[in-house]
Structures are given as structure tokens and as C-alpha cells.
Amino acid sequence: MRSLDIGALGMQAQSTNVDVTSHNIANMTTTGYKRQRAEFQDLLYQDLRRAGSPSSDTGTIVPTGVQVGLGVKTAAIGRYMGQGSLTMTENELDIAIQGRGYLQIDLPSGETAYSRDGTLKLDANGALVTKDGFAVQPGITVPANARSVTINSNGEVFAEIDGQVAPQNLGQLQLATFINPPGLNALGDNLFLETEASGQANVGAPGDVGYGTVQQGYLESSNVNVVQEITNLIKAQRAYEMNSKSISTTDEMMSAVSNLR
């Protein structure tokens with residue numbers, strides 16, 4: 001019976017669904033995390049009687065036919081790129097991106113990664129880096145005698161220097177945008193890589209047309225909706241149970257046939 005395989009495929013699909021939902025819940029407090037969603041497609045169909053085939057020698061045709069589906073498969077795990085809420089930290093090196101855009105990060109491999117995590121630090125040379133010590137493009141260095149750092153909504157970085165009246169402009173942060181952000185390849189550590197699916201990065205200043213702005217002293221929270229994720233878990237559990245029930249029902253039917261005398 002096909003229902004054994006179909007039920008097993010259904011259970012596998014719901015297991016994947018639970019994995020994705022659990023991953024969302026685990027990252028509900030991860031800075032800049034974007035929730036994911038499992039997406040499914042029906043599998044091939046077996047044509048027992050094809051629609052439109054002749055049903056008599058007088059030209060009549062079969063109106064609907066007989067097609068039996070063979071189950072379900074995971075088609076994609078999409079990423080929802082909606083804005084997360086902003087949380088005040090009062091740390092002058094924390095920045096949140098409000099709107100479109102990613103910070104550009106230099107990886108040790110020489111590649112450029114992209115991130116929504118604006119938890120920035122200073123290294124031993126005063127350069128702006130990520131929590132892992134990766135440099136943020138374009139390279140901005142804060143002087144050792146700087147009393148404070150200010151980052152405006154356009155990404156311009158200023159430092160108040162001892163002995164100087166006017167703040168010193170240290171440079172301007174840049175943001176990268178993509179035609180298809182869900183097509184980015186997630187590396188972990190809140191980093192993404194450009195792919196053919198995402199398209200090439202378009203770089204511009206915060207506040208320009210099509211680019212978000214920067215908020216100093218804030219971080220972007222995860223966009224995971226906990227209530228929605230718990231609801232998804234319940235739905236996935238019920239779907240898993242029903243697929244399991246179809247397998248046990250098939251087993252009972254096969255047992256009944258084998259007991260015929």
C-alpha cells in the first residue's frame with residue numbers, strides 16, 4: 001500500500017517543520033535573527049486514468065481522471081526578513097539598522113560577509129570590529145584619546161577628542177542591500193554570504209533612497225513571534241500524529257488481509 005510510504009514522508013516533513021520552529025524559538029533572543037519557515041510541495045502523482053483520454057469510440061473523453069499522490073517533500077526553508085523591534089542598550093558602539101541593509105564584515109578568509117548584528121567593539125588598535133574581532137567595512141579607527149563616539153542616523157562616526165572643540169569625523173558606515181535577501185547563505189554567528197540567488201550587493205550610505213538608517217545605542221531584536229511559533233509547534237505535532245495514524249491504519253488493514261482464511 002502506498003499509504004505506508006506517504007505517511008512516513010508526512011512524518012519526515014513534520015519533523016523538519018518542528019526542527020525549523022525549534023530553531024526559531026532557540027534564537028528568539030539572538031540579535032538581528034530572522035525567523036525561518038519550512039515550505040512543502042506535493043510529490044509526483046501516479047496517473048491511473050489520465051484526464052482527457054478517450055472514454056469511447058464516439059469521441060467522449062474522461063473529464064477528471066484518476067491521480068494518486070505519492071506524498072510530500074520539503075521544497076524550501078524560507079527566511080522572513082521583516083524588521084525586528086529595537087532594544088535600547090545605551091552602549092555607544094551598539095547600532096541597530098532600521099530598514100533595509102546589512103553591515104559589511106571582513107572575514108579572515110578574505111570574503112565579505114553581511115550582518116544585521118550591530119554589536120560593535122574596538123580592537124587593540126581602536127578599529128571597529130564585531131564580537132568575533134572581524135573588521136567592519138569601511139575601516140574606521142577611533143583615536144586612543146577619544147572621550148566618546150557618536151554615530152548619527154546616516155552612519156557618520158564622530159569622536160570627541162581631548163583638546164579639540166569640534167568633533168572629529170572618523171568616516172561613514174556603509175550598508176549593503178540585495179534584491180533577494182532570503183537568498184543569502186547563512187554562515188552562523190549572525191553572518192551571511194552573497195549567493196547567485198541573492199544577487200550582488202548594492203552598497204550605499206544609511207539614509208539614502210532604498211537604504212535603512214542607523215540608530216546608535218540600540219540593537220535589533222529577533223523578529224521571532226513566540227506565540228506564532230508555539231502555534232506552529234502544535235500544528236506540526238497534530239499533523240505528525242495524523243500521519244502516524246495513517247500508518248497504523250494501513251498496518252491494521254494489511255493485518256486484516258493476512259488473517260483472511
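Values in this document were obtained by computation on a predicted structure and should not be read as measured data. (Residues numbered from 1 in each chain as written. Predicted model: local features only at pLDDT ≥ 70, side-chain atom pairs only at ≥ 80, totals over all residues. Heavy atoms only, no water.)

Caption draft 1: Inspection of the nonpolar core at higher detail. The biggest cluster of nonpolar side chains holds 25 residues, and the ones touching the most others in it are Ile95, Leu103, Ile105, Leu120, Ile151, Val157 and Leu173. Taken together, the elements giving at least two residues each to this core come down to β6 (95-98), β7 (102-106), β11 (146-151), β12 (156-161) and β16 (191-193). The residues contacting Ile95, other than those within four sequence positions of it, are Leu103, Gly118, Leu120, Ile151, Leu173, Val214, Gln215, Gln216, Tyr218 and Leu219. Among the nonpolar cores identified, the runner-up in size contains 6 residues, and Ala176, Phe178, Leu184 and Phe192 belong to it. (Core = buried A, V, L, I, M, F, W, Y, C linked by side-chain atoms within 4.5 Å. Buried < 20%, exposed > 50% of the residue type's maximum accessible area, 1.4 Å probe, protein only. Helix = DSSP H or I, 4+ residues; strand = E, 2+ residues; numbered from the N terminus. Contact = heavy atoms within 4.5 Å.)

Caption draft 2: Molecular detail of the sheet that holds β11. Spatially, β11-β12-β13 is the arrangement adopted by the 3 strands of the open sheet, whose pairing is antiparallel. A single partner strand is all that each edge strand has here, and the edge strands are β11 and β13 (168-172). Each adjacent strand pair in this sheet contributes to an overall mean axis angle of 20°, direction not counted. One ladder, built from 4 bridges, connects β12 with β13; its direction is antiparallel. Its bridge partner being in β13, Ala159 is matched across the sheet by Gln168. (Pairing = 2+ DSSP bridges. Axes fitted to C-alpha atoms, helices over the stretch in contact; angles between N-to-C directions.)

Caption draft 3: Examining the domain arrangement of the chain more closely. In terms of domain boundaries, the chain breaks down into domain 1 (1-80 + 225-259) and domain 2 (85-221). The distance between the C-alpha centroids of domain 1 and domain 2 comes to 42 Å. Contact with domain 1, which involves 5 residues of that partner, is made by 10 residues of domain 2. Summed over both partners, the interface of domain 1 with domain 2 buries about 690 Å², with 52% contributed by carbon and sulfur atoms. Together, Thr31, Lys34 and Arg79 form the three largest contributors to the area buried by domain 1 at its contact with domain 2, with a combined 72%. Connecting domain 1 to domain 2 are 1 salt bridge. (Domains from an automatic or database assignment. Buried area = accessible area lost by both parts, 1.4 Å probe. Salt bridge = Lys/Arg side-chain N within 4 Å of Asp/Glu carboxyl O.)

Caption draft 4: Highlighting the UniProt feature "domain: Flagellar basal body rod protein N-terminal" (unreviewed entry) in the chain. In the numbering used here, UniProt assigns the feature "domain: Flagellar basal body rod protein N-terminal" (unreviewed entry) to residues 4-34. The span residues 4-34 is 74% helical and 0% strand by assignment, and the distance between its end C-alpha atoms comes to 36 Å. (UniProt positions renumbered as here; feature names shortened; annotations may be inferred.)

Caption draft 5: Representation of the packing of aromatic side chains in the model. For the coordinates displayed, the defined rule picks out 3 aromatic pairs. Centroid distance Tyr102 to Phe192: 6.1 Å. Interplanar angle 70°. Geometry classified as edge-to-face. Residue Tyr102 is located in strand β7, and its partner Phe192 is located in strand β16; the two are separated by 90 residues in the primary sequence. Judged by its relative accessible area of 9%, Phe192 falls in the buried class. A ring pair is formed by Tyr114 and Phe178, whose centres lie 4.9 Å apart and whose planes are at 85°; its orientation type is edge-to-face. (Phe/Tyr/Trp six-rings, centres within 6.5 Å; stacked < 30°, edge-to-face > 60°.)

Caption draft 6: Here's a closer look at the confidence of the model for the chain. Here the chain averages 91 in pLDDT, while 100% of its residues score no lower than 70. Of all helices and strands in the chain, the one with the weakest mean pLDDT is strand β2 (residues 45-49) (80), whereas strand β14 (residues 175-177) scores best (97). (pLDDT = per-residue confidence, 0-100.)

Caption draft 7: Local environment of helix α1 (residues 2-26). The terminal C-alpha atoms of α1, which comprises 25 residues, lie 36 Å apart, in line with the 36 Å expected from a rise of 1.5 Å per residue. All buried positions along α1 are accounted for by Gly7, Gly10, Met11, Ala13, Gln14, Asn17, Val20, Thr21 and Asn24. Here the buried face of α1 lies against β1 (36-42), β4 (72-79) and α2 (226-258). (Expected span 1.5 Å × (residues − 1).)

Caption draft 8: Representation of the pattern of salt bridges within the structure. Enumeration over the complete set of coordinates arrives at 7 salt bridges. In this structure, the salt-bridge partner of Glu220 is Lys34, at a minimum N-O distance of 2.5 Å. Note that Glu220 is positioned in strand β19 (residues 218-220) and Lys34 in the loop between α1 and β1, a separation of 186 residues in sequence. A salt bridge links Arg147 to Glu160; the nearest nitrogen and oxygen atoms lie 3.2 Å apart.

Caption draft 9: Examining the UniProt feature "domain: Flagellar basal-body/hook protein C-terminal" (unreviewed entry) in the chain more closely. Sites flagged by UniProt as "domain: Flagellar basal-body/hook protein C-terminal" (unreviewed entry) map to residues 215-260. The distance from the first to the last C-alpha atom of residues 215-260 is 74 Å, and the span holds 72% helix and 11% strand.

Caption draft 10: Expanded view of the packing of α1 against α2. Packing of α1 against α2 brings their axes to within 9 Å, and their N-to-C directions diverge by 165°. The angle between α1 and α2 places the two elements in the roughly antiparallel class. Note that α1 runs across α2; the crossing there is left-handed. Grouping the constituent residues of the contact of α1 with α2 by class yields 13 nonpolar, 14 polar and 1 charged. (Parallel < 35°, antiparallel > 145°, perpendicular 65-115°, else oblique. Left-handed = near helix turned anticlockwise from the far one by under 90°. Nonpolar A, V, L, I, M, F, W, Y, C, P; charged D, E, K, R; others polar.)

Caption draft 11: The arrangement of the pairing of β11 in detail. Sheet topology note: the β11/β12 ladder contains 5 bridges and is antiparallel. The residue bridging Ile151 from the neighbouring strand is Val157, located in β12. Taken together, β11 and the strand that follows it, β12, pair antiparallel across an intervening segment of 4 residues, in which Gly155 is found at a positive phi of about 85°.

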